[in-house]
Structure formats: C-alpha cells, structure tokens
Amino acid sequence: MILTSLFLASGIYLSMAFLLTWSWQKQGNSPAFSEQPPISIIVSAHNEADNLPNLLADLCEQNYPNYELIIVLDRCSDNSASILAAWTTQYPHIRGVSVQTTPTGWASKKWALSQGIAEASHDWLALTDADCRMDSRWLTAIATHLHPQKEVLLGISPYPAYPGLLNKLIRFETWYTAFQYIGWTGLGLPYMGVGRNLVYRRSFFEDNHGFEAFRDRLSGDDDLLINAYATAGHTQSMIHPHTRTFSEPKRTWRDWYQQKTRHISASTAYSWKSKMVLAIFHLAHSWFYGGILLSLSLGLASPWIWWTYLARIGLSWVLFGLVNRQLKESNLLLLFPVLDLLFFLYNLSIVPIGIIKVPTWTN
C-alpha cells in the first residue's frame, strides 16, 4: 500500500514538474519587441534610509530613454526624506510622495502603492522594493516584453548567496516559488507575482479597482492582485537575467519565519483553481517523503522503496538542472537532494502555520 502510494505521488509530482520545466523552456524563447514606451517606476519605502541610496543609484543609472521614478515615503521616521530630497535636486525625473497616515481598513503598503500609482504619468508601471538592486539594463530588458496585447509582466527576484544553510534554503524556496509561478503562467494559469519585480499597465490596475477587494490584508499587494485579475492572454513572464532584481535575504531563522508566514497568509485568498493546482503539487511532494518516513518507522523499507526514491530524486534533479540553466544557482543544484528534503520539512511545518495564522505588522 505504501509503495503504491509512493509510485502515485512520484508520478503526479514528476508529471507536473515536467510540464513546468517544459513551460520554462518554451518561455525562454519568447520574442523580443523593439518599442520603448515610457515607464513609471513605483517604490514604497518605509524607513528605508539604509537602502535608498543604493536603490536610487541603480534606478538613476538605467539605460532607458523615457522613465520616471516615484518614491512613496510611507510614514517614515528616519532621514529617508532628506536622502530623497538630495537626489531629486540632481535628477528631475525622481518624484517623492509623502504618506503620513494609513486610512482605517487599509494595509499600509497597499495604500502607499496606490498613492504612488495615482501620481504616475505613464501607462506602464514597474514596481520594485526599496531594498532591491538591479543593473542598468533592467528597464531596457523589461521593455523587450512590453507587447501591445499584454497587460502584466511577472519578473523574478532571487536573493544573493551568502554562507550558511538558512541562505541556501531561502534561495531554494525562492527558486521553487519562481519555478511554479513562471511555469504555470506559461501554461495559462498566472496565479502570483512578486512585488519586488512586477510590471503592469495602469489600466489593469484601475479597471480592476486596484487593491480595493483585499485592501485590508497585510500581504498580497502582488500575488493577490495577479491571482484575482491576471489572465492567460495578457500575462507574460520575464526570464532574461537582465530583467531580475535582487533583494537582501533574511539573516536569522526567526526573521525568515515571520516573513514566510506573512507571505503564505495571502494564499488563503487565492482562487479555487490556484489552490487546487498548488495543493496537488505540494501534497505529492510531501507524501513522497512522508511515505518513506512512514515505511522506515514501521520497518517496512524494501529495495523497491529505495529504488523509487532514487528514481524520483534523480529525475527531479535533472528537471531542476534544466531550469537552473536559466537561473544559474549552481551551488543549489549540487545540494538538490538535501534542499528538497528540507523543503518537505518547510511545507510540513511553516506552511500550515502561515495558512492558519493571522499576520500582524509591527511597524
């Protein structure tokens, strides 16, 4: 019985992983467009004085002919305002928006972003976070995806590599998330994006009344907007390395736990179709390891179980490697069997807490 369930779980997981990998390969060959329409960059910054200089330096060095940068200072009590003022005197395409209070019933970041979007002059809006870094070709690379028939572009935002197990697990979980949302977008089911690297038309935001439907939820300024309104026909992924942004990862297990439970809480508001697809994929992944651990605890391990394990890990490793040719997380590839097991423990422990727990913001 256990062996049969392991076969079934492995088959479901590998079938879905194969489809996602095929989708990645297909999207990697997407055509590029030569037009360079004007773009408004929107950033919400809450007490980000330590990060603003680096962000502003990167965004002011963009090799792009027509763009503006709108920084929303969200209830800042540090010297973010003086830093921004110094930059605006030198770069006239930077504009600051000051938000002193958040109205009742609104999550602070959603309100801040809404104020920034209201001030934007251009149709295309590129959103990123205040702690992100990008190279000077970021907007130029984005523009190659700005097809007249598209409304939403989903970017990738990996984390830099640092020593330690936590960093590798954070990067692997981020890789796994991108593997899914980029893959499912190519298969016609866009279900989330990341606010660190997200582009959409102003009309997409305004026609759907922005964040109104989930304005009180702490998370979801990115994934809930995409999950609720993005469709297969007008949504596209951005895979090219120059379209990526990089954000600093959490450095302690506690901070990462708080971040992930907050992020996961938004998934409870996903559509039923998104929930079903994600649940099947993750349950197949979890039952594979759960079934092996159960057979070991009952003393039922057999050569067939170990062969099933080796086949499932080996084939998954190959698929991981194919996608990783585009993401280039080389040391994660070498540690795939260990990280895949840790991802099972993550799904077993942190994910249920994130689904049940109501997140709170301490700032």
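First, a word on what this report is: a plain description of the structure on this page. (Residues numbered from 1 in each chain as written. Predicted model: local features only at pLDDT ≥ 70, side-chain atom pairs only at ≥ 80, totals over all residues. Heavy atoms only, no water.)

**Looking at the pairing of strand 7 (residues 198-201)**
So, point 1. By the alternation rule, side chains of strand 7 split into Leu 198 and Tyr 200 and Val 199 and Arg 201, which are all buried.
So, point 2. As judged from the four bridges shared by strand 4 (residues 124-129) and strand 7, these two strands associate in the antiparallel manner. When the sheet's bridge partners are listed, Trp 124 is paired in strand 7 with Arg 201.
So, point 3. When strand 6 (residues 152-154) meets strand 7, the two strands line up antiparallel, connected through three bridges. Counted as the bridge partner of Val 152 is Tyr 200 from strand 7. (Buried < 20%, exposed > 50% of the residue type's maximum accessible area, 1.4 Å probe, protein only. Helix = DSSP H or I, 4+ residues; strand = E, 2+ residues; numbered from the N terminus. Pairing = 2+ DSSP bridges.)

**Digging into the packing of helix 1 (residues 2-27) against helix 10 (residues 272-297)**
So, point 1. Two numbers describe how helix 1 lies on helix 10: the axes approach to 8 Å, and their chain directions differ by 145 degrees. The hand of the helix 1/helix 10 crossing is left-handed. On the side of helix 1, the interface is formed by Ile 2, Ser 5, Leu 6, Ala 9, Ser 10, Ile 12, Tyr 13, Met 16, Ala 17 and Leu 20, while helix 10 contributes Val 277, Ile 280, Phe 281, Ala 284, His 285, Trp 287, Phe 288, Gly 291, Ile 292, Leu 294 and Ser 295.
So, point 2. The residue makeup of the contact of helix 1 with helix 10, split by class, is 16 nonpolar, five polar and no charged. (Axes fitted to C-alpha atoms, helices over the stretch in contact; angles between N-to-C directions. Left-handed = near helix turned anticlockwise from the far one by under 90°. Contact = heavy atoms within 4.5 Å. Nonpolar A, V, L, I, M, F, W, Y, C, P; charged D, E, K, R; others polar.)

**Topic: helix 10**
So, point 1. Along its 26 residues, helix 10 runs 35 Å from first to last C-alpha, staying within 8% of the 38 Å computed at 1.5 Å per residue.
So, point 2. Of the residues trailing helix 10, Gly 299 is marked for its positive phi of about 70 degrees. (Expected span 1.5 Å × (residues − 1).)

**Thoughts on empty space enclosed by the protein**
So, point 1. Per the counting criterion, the structure on display carries two cavities of 30 Å³ or more.
So, point 2. Space inside the largest cavity adds up to approximately 60 Å³.
So, point 3. Looking at the largest cavity, the residues that line it are Tyr 13, Ala 17, Trp 175, Tyr 176, Phe 179, Ser 316, Leu 319, Phe 320 and Phe 336.
So, point 4. Secondary-structure elements contributing two or more residues to the lining of the largest cavity are helix 1, helix 6 (165-186) and helix 11 (303-327).
So, point 5. A breakdown of the residues in the lining of the largest cavity according to their chemical character gives eight nonpolar, one polar and no charged. (1 Å grid on protein atoms, 1.4 Å probe; cavity = no way out; pocket = protein on both sides within 12 Å on 5 of 7 lines; lining within 4 Å. Points joined across faces, edges and corners; volume = space filled by probe spheres on them.)

**Points about the packing of aromatic side chains**
So, point 1. Throughout the structure, instances matching the rule amount to 28 aromatic pairs.
So, point 2. Between Trp 175 and Tyr 176, the aromatic rings sit 5.6 Å apart at their centres with planes inclined by 85 degrees, giving edge-to-face as the arrangement. Comparing Trp 175 with Tyr 176 shows no difference in burial state: the two are buried.
So, point 3. Ring centres of Trp 175 and Phe 320 lie 4.1 Å apart, and the angle between their planes is 35 degrees; this geometry places the pair in the tilted category. (Phe/Tyr/Trp six-rings, centres within 6.5 Å; stacked < 30°, edge-to-face > 60°.)

**Remarks on the environment of Gln 326**
So, point 1. Take Gln 326: it is sitting in helix 11.
So, point 2. Separated by 25 residues in the primary sequence, Gln 326 and Val 351 have C-alpha atoms spaced 27 Å apart.
So, point 3. Ignoring sequence-local partners within four residues, the contact set of Gln 326 consists of Trp 24, Gln 25, Gly 28, Ile 239 and Arg 244.

**A word on the packing of helix 6 against helix 11**
So, point 1. The interhelical angle for the contact between helix 6 and helix 11, taken along N-to-C directions, is 100 degrees, at an axis separation of 12 Å. Compared by their axis directions, helix 6 and helix 11 come out roughly perpendicular. Along its contact with helix 6, which presents Phe 172, Trp 175 and Phe 179, the element helix 11 presents Phe 320, Val 323, Asn 324 and Leu 327.
So, point 2. Grouping the constituent residues of the contact of helix 6 with helix 11 by class yields six nonpolar, one polar and no charged. (Parallel < 35°, antiparallel > 145°, perpendicular 65-115°, else oblique.)

**A few points about the state of the cysteines**
So, point 1. Counting across every chain of the model gives zero disulfides.
So, point 2. Cys 132 provides the cysteine sulfur closest to Cys 60, a residue in no disulfide bond, and the two sulfurs are 16 Å apart.
So, point 3. Under the relative-accessibility criterion, Cys 132 is labelled buried at 1%. (Disulfide = S-S within 2.5 Å.)

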